[in-house]
Amino acid sequence: MKPPGLIVATCFAALAYAGFLATQTPPPPVQTVQAFSLPDHPVALTEDMVTRFLYGFAPVAATIRELDGKGEAEQRKAILDKKAAEFGFASFADWVDTTNTIMVTYHWVTNPDPRQEVDKAIGAIPAMSNLTDQEKADMIEGLKAGLAKVENAKPDEANMAIVRRHLRTLKPFYELWAPPAQ
């Protein structure tokens, strides 16, 4: 059972909660970009990769939208692999891992203390009157488990240095990946 959504102030709290939810639902047949996702395989970023990501994001995202629910998973994967290759990525999965690596790194650069934000989110859960005690406990455990994953996924300094040089240009992409809490 998925508990109701948790509105929190930062992406990491949502990422931690998404980590909990990921254990509750089966993965989709074709990998898609999901907000607050850790990369399956973190990528050692280069300036060229960030540039290719910036130029390729809109066309790849448009292709994802065009294919939504159309055709067989293998057909969609082949089309997405081809589109990602147009921007120098080995496959769509490589593009997704690069995207998530860039976004997670951006978040670490701009929000370097995930524990503080998760503690704040955990502190807000007891006041959620629309949840059962079990749902509250599940959410707290999910946030704690997610925090452990997030802390283990801290990017290396080389990735953070590259992303720091692109903060202004990456910000709109990050806001798509981690929309601000309402």
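Residues numbered from 1 in each chain as written. Predicted model: local features only at pLDDT ≥ 70, side-chain atom pairs only at ≥ 80, totals over all residues. Heavy atoms only, no water.

A. Focus on the overall build of the protein chain. When helices and strands are counted, the protein chain shows eight helices and zero strands. Put simply, the protein chain runs from its N terminus to its C terminus through helices and strands in the order α-α-α-α-α-α-α-α. Counting over 182 residues, the protein chain shows a buried share of 45%. Within the protein chain, residue pairs in contact and separated by at least 24 positions form 77% of the contacts whose partners lie at least 6 positions apart. Working note: accessible area of the protein chain is about 9900 Å², and carbon and sulfur atoms make up 56% of it. (Helix = DSSP H or I, 4+ residues; strand = E, 2+ residues; numbered from the N terminus. Buried < 20%, exposed > 50% of the residue type's maximum accessible area, 1.4 Å probe, protein only. Contact = heavy atoms within 4.5 Å. Areas by Shrake-Rupley, 256 points an atom, 1.4 Å probe, with all protein chains shown as cover.)

B. Broad picture of the nonpolar core. Formed by 31 residues in total, the largest nonpolar core has its most connected members in Leu 45, Phe 53, Trp 95, Ile 102, Met 103 and Leu 170. Secondary structure elements with two or more residues in this core: α2 (47–67), α3 (73–85), α4 (92–110), α7 (157–164) and α8 (167–177). Element by element, the count of residues in this core is highest for α4, at nine residues. Formed by 10 residues, the second largest nonpolar core is a distinct cluster that contains Val 118, Ile 125, Met 139 and Leu 147. (Core = buried A, V, L, I, M, F, W, Y, C linked by side-chain atoms within 4.5 Å.)

C. Just the pattern of salt bridges, in detail. This model, assessed by the stated rule, comprises seven salt bridges. We note a salt bridge from Asp 81 to Lys 77, for which the minimum N-O separation is 2.7 Å. One end of the pair is Asp 81 and the other is Lys 77, both in helix α3 and four residues apart, which spans about a single turn. A residue is classified by how much of its surface remains accessible, and Lys 77, at 46% relative accessible area, is partly exposed. (Salt bridge = Lys/Arg side-chain N within 4 Å of Asp/Glu carboxyl O.)

D. Looking closely at the packing of aromatic side chains. Counted under the stated rule, the structure contains seven aromatic pairs. Ring centres of Phe 57 and Phe 173 lie 5.1 Å apart, and the angle between their planes is 75°; on these two criteria the pair is classed as edge-to-face. Taken together, the residues span a long stretch of sequence, with Phe 57 in helix α2 and Phe 173 in helix α8 at a distance of 116 residues. What makes Phe 57 buried here is its relative accessible area of 15%. Phe 173 gets classed as buried once you look at its relative accessible area, which sits at 17%. The ring of Phe 89 carries the charged tip of Arg 52 above its face, separated from the ring centre by 4.8 Å. (Phe/Tyr/Trp six-rings, centres within 6.5 Å; stacked < 30°, edge-to-face > 60°. Lys NZ or Arg CZ within 6 Å of the ring centre and 35° of its normal.)

E. Inspection of α2 at higher detail. Taking 1.5 Å as the rise per residue, α2 with 21 residues should run 30 Å; its terminal C-alpha atoms sit 30 Å apart, in good agreement. Along its length, α2 reaches its greatest deviation from straightness, about 50°, at Gly 56, and the proline Pro 59 lies no more than four positions downstream. Of the residues making up α2, those classed as buried are Met 49, Val 50, Arg 52, Phe 53, Gly 56, Phe 57, Val 60, Ala 61, Thr 63 and Leu 67. Where the residues of α2 are buried, they touch α3, α4, α7 and α8. Gly 69, located one to two residues past α2, shows a positive phi value of around 75°. (Expected span 1.5 Å × (residues − 1). Bend = angle between axes of the 7 residues up to and from the residue.)

F. The arrangement of α7 in detail. Residues Asn 159, Met 160, Ile 162 and Val 163 constitute the buried set of α7. Seen from one end, α7 has its buried residues packed into an arc of 160°, which puts them on one side. For α7, the secondary structure elements touched by its buried residues are α2, α4 and α8. (Arc of directions from axis to C-beta.)

G. Local environment of the confidence of the model for the protein chain. When the pLDDT values of the protein chain are averaged, the result is 79; 77% of them are 70 or greater. Within the protein chain, no element has a lower average pLDDT than helix α1 (residues 11–22), which sits at 37, and none a higher one than α7, at 96. Contacts for the low-pLDDT stretch residues 1–33, under 50 throughout, to residues beyond four places or in other chains number 78 contacts. (pLDDT = per-residue confidence, 0-100.)

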